[in-house]
Amino acid sequence: VLQAAEFWKIARGVGRMVLDYLDWKQSMNGNHFIPIPNDYFLLRYGICRQRKSEALTKLEAAGLIKCKKKKGKSHQVALIEYIHKEDPDVRKENE
């Protein structure tokens, strides 16, 4: 609940939707970098790619998430609180 409040405080409703999506995907796939697709957020929540990108930038600056950004690709995101040392992709990014 506190984490949801932090995401809302930093990036409002978009931040909360990002958190819900990450929690959902991590519950199925474990803690890895997860792509945040533009089309899913647009169709499901009506959130355009610009608002999603702004929210991810704010959340990363606040230290709540870690992002991998590549031109022409969806952002890859991991929750900082749930990063495990045994995940080599996340460990490399934090070193």
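Described in the following lines is the structure provided in the data block. (Residues numbered from 1 in each chain as written. Predicted model: local features only at pLDDT ≥ 70, side-chain atom pairs only at ≥ 80, totals over all residues. Heavy atoms only, no water.)

### Overview of the sheet that holds strand E3 (residues 75–79)
Worth spelling out the cut-off: Here, any two strands with at least 2 DSSP bridges between them count as paired. Put simply, DSSP H or I for four residues or longer makes a helix, DSSP E for two residues or longer makes a strand, and each gets a number counted from the N terminus. Helix axes use the C-alpha atoms of the stretch in contact, all axes being lines fitted to C-alpha atoms, and the angles between their N-to-C directions lie in the range 0 to 180 degrees.
In spatial order, the strands read E1-E3-E2; together these three strands make up an open sheet with antiparallel pairing. If you trace the sheet from one side to the other, it starts and ends with strand E1 (34–36) and strand E2 (65–68), each paired once. Between one strand and the next, the sheet's axes are offset by a mean angle of 40°, whatever the strand orientation. In this structure, E1 lies alongside E3, joined through three bridges in antiparallel fashion.

### A look at the nonpolar core
Let me state the cut-off plainly: Here, nonpolar core means buried Ala, Val, Leu, Ile, Met, Phe, Trp, Tyr and Cys residues that are tied together by side-chain atoms lying within 4.5 Å of each other. The buried label goes to any residue with under 20% of its type's maximum accessible area, the exposed label to any with over 50%, and the partly exposed label to all in between, with areas taken from a 1.4 Å probe on protein chains only. Every residue pair with non-hydrogen atoms within 4.5 Å of one another is taken to be in contact.
Within the largest apolar cluster, 20 residues are counted, with the highest numbers of intra-cluster contacts made by Phe7, Val18, Leu22, Leu59, Ile65 and Val77. Looking at this core, the element that brings in the most residues is helix H1 (residues 2–29), giving eight residues. Setting aside residues no more than four positions away along its own chain, valine 77 makes contact with Leu22, His32, Phe33, Ile34, Ile36, Leu56, Ile65, Lys66 and Cys67.

### Digging into the pattern of salt bridges
Two side chains with opposite charge may pair up if their charged atoms get near one another. Using the following cut-off: Whenever Lys or Arg places a side-chain nitrogen within 4 Å of a carboxyl oxygen from Asp or Glu, that contact is recorded as a salt bridge.
Per the counting criterion, the structure on display carries three salt bridges. Linking arginine 51 and glutamate 54 is a salt bridge whose minimum nitrogen-to-oxygen distance equals 2.9 Å. Taken together, the positions of arginine 51 and glutamate 54, both in helix H3 (residues 49–61) and three residues apart, correspond to about one turn of that helix. On the basis of relative accessible area, arginine 51 is assigned to the partly exposed category, the value being 40%. Look at glutamate 54 and you get partly exposed, because its relative accessible area is 39%. In this structure, the salt-bridge partner of lysine 69 is glutamate 60, at a minimum N-O distance of 3.9 Å. For lysine 69, a relative accessible area of 45% puts it in the partly exposed group.

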